[in-house]
Each structure stands twice: as structure tokens, then as C-alpha cells.
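# Fold and contact review
So the chains spell out like this:
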Amino acid sequence: MKEVKAIIASFETPGELLHAAEKVRDEGYTRFDCHSPFPIHGMDDAMGLKRSPLGFIVGGMAVLGAAVGLGLQGWVTTVEYPLILSGKALWSWQAYIIITFALFVLFGAFGAVFGMFVLNRIPRWHHPVFYSDRFASVTDDGFFISIEPGDPKFDAENTAAFLTAIGGKDVETIEGDA
Amino acid sequence: MSNNAPAFSLPGSMWKTIFVFSILGLLVFIVGLFLAPERIWPNFLINEFFLLNLGLGAVFFLAVLYVSNAGWAAAFRRVPEAVTSVLPVAGVGAVILIFGIHTLYEWSHETTVMMDPILRGKSAWLNEPFFIVRLALYFALWIFFARIMMKQSLRQDEDGKLEHTFKNVRNSAIFLIVGTITFVLASIDMIMSLQPHWYSTVFSLITLSGMITSSLAAIIILMVILRASGLKKIITREHLHTMSNLLLSFSVFWVYMWVSQHMLIWYSNIPEETSYYIFRHFGGWGSLSFLNVVLNWLVPFLALLPRVSKRSDKILLQVSIVVLVGHWLDLYIMVMPPLMGNEPTLGVWEIGTFIGMLALFFGVVLRKLQSIPLVPVNDPYLVESLPEEEHAVALK
């Protein structure tokens, strides 16, 4: 049993892709993607993408890291194993700064890398668009829009017709095992 | 040069305000010389060093842009170039400073040096004639480099030759070495030698990072002023965004250096090193040291983290003013304690001279901005730096 996995259409230039993306967005599609060999200025707006929440993930993780670093050192040296070192106070915040700062950065970096994985749904080993032979040119000179069935507005025939109408060439319906 | 290149002029009322405040600052200084010389000289040193920081920081900024082949800033490069024109003014200030040496520097009194074995050991470097020679050398080099870089840039406007850019890349590379060494020595001479027994190897990095931070803040304020006077299309939000990223990172660099000095001295706890912080960590000075970190790091850090504030003229203006006041406080805490004793004082001498210095700075720089073409029309990077719809300015 085969079912539709995605519909792709190719465009000639980055500019065409950008304007096609605007039309797809205006038509009400939300689960579609644009593929190009390089970043295109203004694409985020054209696709109607919101700002990535990654910054907040990084910020939250960084603050957590600083709290863990400061808290652990403070707790050990004042509560768990109080020890007077070179005549300094038990709560000597100056000495904690390095590790607090290091964990601030480390947790923030973890948040950035793994948060990016989660937001991009990585790892993912395969994607239906790779069934298309022509799609390989996306790493060289190809510009594609793909729309997937998960989109509420998706309809195999209408969507293909729509992509042709907005100037897409070689509209291809990709099917795979259900 | 194209005739329809954007120009800038400040309304006459603003000129009047700037003029009045600089005269006021000058008056405070002159009156202070007679009424409270022991208090006016430290204030003069703070403001002299501040003014030199603003000008020299802009030369560093330009030099880094050149050696890194940065294209993004070409559209507003005339702003840092104009800021460097305060260096000669700071040079005049350095001449005046010579008359205050005996009030400021312990090592300039021969009898004190004779009685003090440590100062005797340092007298080969810390003596009056050599100090004056060094000051002259520093300022001569700084003004020289600022001048030749500006000259090449302005010449390119006229003949459009690429070689000016290449020459400035070479000038910048030399300046980055010469400028760093001379500035490190100058902050040791002018500020650190106020407590001639004490030394710290990180000290000059604190003044260096403070210099770049305050200079970036001043450049941002000037960019906001230019934007408000109708240059929004040349000096774009993207430019402001990148500048505030730099301001944010150098503010973090400043606190990094500040903590490096503070923590290591606190940790090793050697009397000859802690003498610096004993003064500055208790009573009124302690609160001011805390406020220093808040103004120079915490406020810019928290305020500039969100993307929205990096793209807002108003917020950037406020943060930059906070950073400038913070830098003044940083220098105040460096200079005042050994000279003024146990409690900080804030009065007409401090505020008057600071406002006068700022008015002088903005007066000189804005005048320069009025007299030079605002956009380097023949710069090879200008196209890269302008938004697409303004490319015509570059292609004229």
C-alpha cells in the first residue's frame, strides 16, 4: 500500500523561490519547507516562520547552570563540609565565580546544541523528499518547495495544481510505503 | 564626490547648549584650581583619561575593521573617524596635566622618593622628565595614526582609488601593535602610578576594555543622533544591532578582566597587592565598587540580551549613557581613593568637570561630522554595508 509522503516543486532562482514561498504562506499552508543551496535573505518572513525559541532555551539552561554551580559550591563549603581555608570566610563567593561562570557557559552550550536537535527533530535518518532523484540538485543549483500531508490544507491533487499555478516546475508527488 | 550625498547639521540651539556646558566645565576647572586644587586635579585626570579613551578607542575600532576586512561598518565609518578628532584636544589636556603632576603623583616629590626604597627602585621609570617625554610620545603616536588613517579615507572620497584602503589596512596593523603597547604603558603611567607601590598585570586590560566599551557607547550615541536627524536609511537598524552586540561583548570582557584582577588578589591575599582593594572595598568606596560592576556590566548585559533592545534607538541611547557614566565611575574609583582618603566625595568639582568634558567631546565630534562628507562614497565595502535600496548612494 502506497501513500503520498510529500509534494515537491522546483524553481529556477532564489527570487522565484522567495515569492513562491510568500504565496504558499498566504494560501494558508503551515507545514511546508523551502530548500536551497544557500540561505536566502528574507526567507523567514516569506515562509511566515516565527522566531526560534532557542534563545530562551539557551538562556534558561545558562541560568540553571550558574545556579547549580553556585549552589553546589556554596552548599558543600558552608553546610556539608565546612572548612576554613587560608582564613577566609566559609561563604567566599569570589572563589565560586570561575566554576559558576564555567557551568553557565557549559549549560548554555548544551542548551544550544541539544535544543537545536530537539527543535529540528534530529536525529532523523531519512526524509521522503530524498526519494526524488531530482532533489539531489538542492545542494548545487536547485530551489525546491515541499509540502507534506501533515498540513491541514493538504490535498494531493489540489496542492499539486496549486504549486504548478504559482510557477513551480516539475511538480512531483512522492509516494512511499504506508 | 556626489553632490547629493547626505549631510548632517545640528540645530543652533543644540550648539548653544553644548557651548554653554563646555564653558561651564572650563570655568569649574579654573575656579577649582584656586579653591580646591587637590580635588580638581584628580578630576582633571579622570576626564583627560576619559576623553583620550573615547578618541583612542575609536582608532582601535577602525583599525580592527580594516585589518579584518570588515564590510558591514563602511556606511557609518565617518562616525568613529570623527571621534578620533578629539585626540588632539586630549593632547592639549595632557600638556595641562603636566602642571598637576606634583598634586597627583607621589613619585614626583624628590624628598618622598629619597625616603622610600621602593620608589627609589622605580625612579628610573617614574621620574618627572621621563614621564613628560613618554606622554608626549604616546600622544604624538596616537594623533599621528588617527590623522593618517583619516587622511587616506578622505582622499579615497576624491579619487576613488583602492590603494587607500590597502594603505589603511597596513596602517591599522601597525597601529594595533603600537597603540596597544603605548596605551598599556599610558594607563600604568597616568593611573596605576597614583599608587606607586602597588602593581597589577591585568590593570591595563581593565582600562583597555573600559576604553573600547566607552568608545563604542559614544559611537552608538552619535549614530542615534545622526539617525534622529534623518539618516535612518544610511545608518540602519542592522548597524545598530551589530554595534550593540559589540558593546555587549566588550562589557562582558570588562567584567571578566575586573574579576580576574579582583579574584586573584583576593585569593592570594598578599599585603602589597591587597592594599589596592583595602581602600576600595569598605564604606562608601565599597558601595561604589559594587555600583561600578552594576553600571558597567549588569545593566548593559541584561538590557542588551533581548534582540528588541539591540534594535531600538531609545534603549540603546539609555544603555550607552549608563555605560559612559559607569566608565566615569570606574576611573573615579581608580583615581580618587589614594588622593581623597577614606570616603568618596561627589560635588560640583566632579559633576561640573565631567559634564564639561562630555560637552567638549560632543562639540568637537559633531563639528567634525558637519565638516566632512558623511558617507565614504568610494569605499569598496560601501555597497556591502548599505541596504539594497540605498545602493545608488554607493554607485554614484
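Being a predicted model, the structure only gives us computed values, none of them experimental. Each chain carries its own residue numbering, running from 1 in the written order of its sequence. The order in which chains are written sets their letters, starting at A; the order in which ligands are written sets their numbers, starting at 1. Owing to the predicted nature of the model, reporting of local features is limited to residues with pLDDT of at least 70; listing and counting of side-chain atom pairs is limited to 80 or more, with chain, interface and lining totals taken over all residues. Values shown for side chains rest on all heavy atoms present in the structure; no hydrogens or waters enter the calculation.

Residues and elements named next belong to chain B. Helix and strand assignments come from DSSP, with helices taken as H or I runs of at least 4 residues and strands as E runs of at least 2, each series counted from the N terminus. Take the number of residues in a helix, subtract one, and multiply by 1.5 Å to get its expected span. Here helix α1 (residues 12-35) contains 24 residues, and its C-alpha end-to-end distance of 34 Å stays within 8% of the 34 Å for a straight helix at 1.5 Å per residue. Relative accessibility decides the category of a residue: with a 1.4 Å probe and only protein chains considered, values under 20% of the type maximum give buried, values over 50% give exposed, and everything between is partly exposed. Listed in full, the buried residues belonging to α1 are Ile18, Ser22, Gly25, Val28, Phe29 and Gly32. Looking at the buried side of α1, the elements it contacts are α2 (37-67), α4 (87-98) and α16 (348-371). Whether two residues are in contact is decided by their heavy atoms, any of which lying within 4.5 Å being enough.

It is worth spelling out the packing of aromatic side chains at this point. A pair of Phe, Tyr and Trp rings is counted when the ring centres sit within 6.5 Å of each other, with Trp represented by its six-membered ring. The angle between the planes then sorts it: under 30 degrees is stacked, over 60 is edge-to-face, the rest tilted. Within the structure shown, the criterion is met by 35 aromatic pairs over all chains. Geometrically, the ring pair formed by Phe101 of chain A and Tyr256 of chain B is edge-to-face, given 5.9 Å between the ring centres and 70° between the ring planes. Taken together, the positions of Phe101 of chain A in helix α4 (residues 93-119) and Tyr256 of chain B in helix α11 (residues 237-268) put the pair across two chains. Judged by relative accessible area, Tyr256 of chain B falls into the partly exposed class, the value being 45%. Ring pairing ties together the aromatic residues Phe50, Trp285, Trp328, Tyr332 and Phe354 of chain B, which thus form one cluster.

Each partner contributes to the interface: chain B provides nine residues, whereas chain A provides ten residues. Throughout, the accessible surface (probe 1.4 Å) given up by two parts as they are put together, summed over both, is called the buried area. Note on chain B versus chain A: buried area summed over both sides is about 850 Å², and carbon and sulfur give 76% of it. When the buried surface of chain B facing chain A is broken down by residue, Met263, Trp266 and Arg307 of chain B rank first, second and third, together holding 54% of it. Basic side-chain nitrogens of Lys or Arg form a salt bridge, by our definition, when they fall within 4 Å of a carboxyl oxygen of Asp or Glu. Taken together, the links from chain B to chain A amount to zero salt bridges. Polar contacts, as used here, are pairs of N or O atoms within 3.5 Å; protein pairs need one atom able to donate a hydrogen and one able to accept it. Residues neighboring in sequence count only if both atoms are side-chain atoms. Taken together, the connections running from chain B to chain A amount to two residue pairs in polar contact (both at pLDDT 80 or more). A total of six residues in the side of chain B that touches chain A trace back to one element, the largest contributor, which is α11 of chain B. Each residue belonging to the side of chain B that touches chain A can be placed in one class, and the counts come to six nonpolar, two polar and one charged. Residues are grouped as follows: nonpolar covers Ala, Val, Leu, Ile, Met, Phe, Trp, Tyr, Cys and Pro; charged covers Asp, Glu, Lys and Arg; every other residue, Gly included, is treated as polar.

In this section: the sheet that holds strand β1 (residues 2-11) of chain A. All names here are of chain A. In short, DSSP must find at least two bridges between two strands for them to pair. Spatially, four strands are ordered β2-β3-β1-β4 in an open sheet, and the strand pairing comes out antiparallel. The sheet terminates laterally at β2 (32-35) and β4 (169-177), the two strands that pair on one side only. Going from strand to strand, the sheet's axes swing by 20° on average, the running direction of each strand aside. As judged from the seven bridges shared by β1 and β4, these two strands associate in the antiparallel manner. Opposite Ala6, over in β4, you have Ile174 as the bridge partner. Running at roughly 20° to strand β3 (residues 143-147), helix α1 (residues 14-27) makes contact with β1, β2, β3 and β4 of the sheet. For helices, the axis comes from a line fit to the C-alpha atoms of the stretch in contact; other axes are also lines fit to C-alpha atoms, and the angle between any two N-to-C directions lies between 0 and 180 degrees.

In this section: the nonpolar core. Core analysis: the biggest nonpolar cluster contains 122 residues, and Leu56, Trp142 and Phe361 of chain B have the highest contact counts within it. No other element matches α2 of chain B, which puts 19 residues into this core. Among residues more than four places away in sequence, those in contact with Leu56 of chain B are Leu87, Trp142, Phe175, Phe183 and Met211 of chain B. Ala9, Ala20, Phe32 and Ile166 of chain A belong to the second largest nonpolar core, which has 23 residues in total. Nonpolar cores were defined as sets of buried Ala, Val, Leu, Ile, Met, Phe, Trp, Tyr and Cys residues, with membership established by side-chain atoms within 4.5 Å.

Once that is clear, we can look at unusual backbone geometry. Ile122 of chain A connects to Pro123 of chain A through a cis peptide bond whose omega is 0°. Counting through the fold element by element, Pro123 of chain A comes out in the loop between α4 and β3. With a phi close to 50°, Asn69 of chain B is a non-glycine residue in the positive phi region. Turning to its location among the elements, Asn69 of chain B is positioned in the loop between α2 and α3 (78-83). Its identity as a non-glycine residue notwithstanding, Asn269 of chain B has a phi of 60°, on the positive side. Locating Asn269 of chain B in the fold gives a position in the loop between α11 and α12 (271-280). With relative accessibility at 43%, the residue Asn269 of chain B sits in the partly exposed group.

Moving on: the environment of Leu205 of chain B. Position of Leu205 of chain B relative to the elements: it lies in helix α10 (residues 203-231). Separated by 87 residues in the primary sequence, Leu205 of chain B and Ile118 of chain B place their C-alpha atoms 24 Å from one another.

It is worth spelling out a nonpolar patch on the surface at this point. There is a patch of nonpolar side chains on the surface, built from Phe19, Ile23, Leu26, Leu27, Ile30, Val31, Leu33, Phe34 and Leu35 of chain B and spanning about 890 Å² of accessible area. Within the secondary structure, Leu35 of chain B sits in helix α1. Here, patches come from residues exposed beyond 30% relative accessible area and free of salt bridges, joined within 9 Å for like charges and within 5 Å for nonpolar side chains (Val, Leu, Ile, Met, Phe, Trp, Tyr). A 1.4 Å probe and the Shrake-Rupley method give the accessible areas. Residues count as covered only by the protein chains that appear here.

Take the domain arrangement of chain A next. Boundaries of every domain are those given by an automatic assignment or by a domain database. As assigned here, chain A comprises domain 1 (2-51 + 127-177) and domain 2 (54-119). The centre of domain 1 of chain A, based on its C-alpha atoms, is set 44 Å off from the matching centre of domain 2 of chain A.

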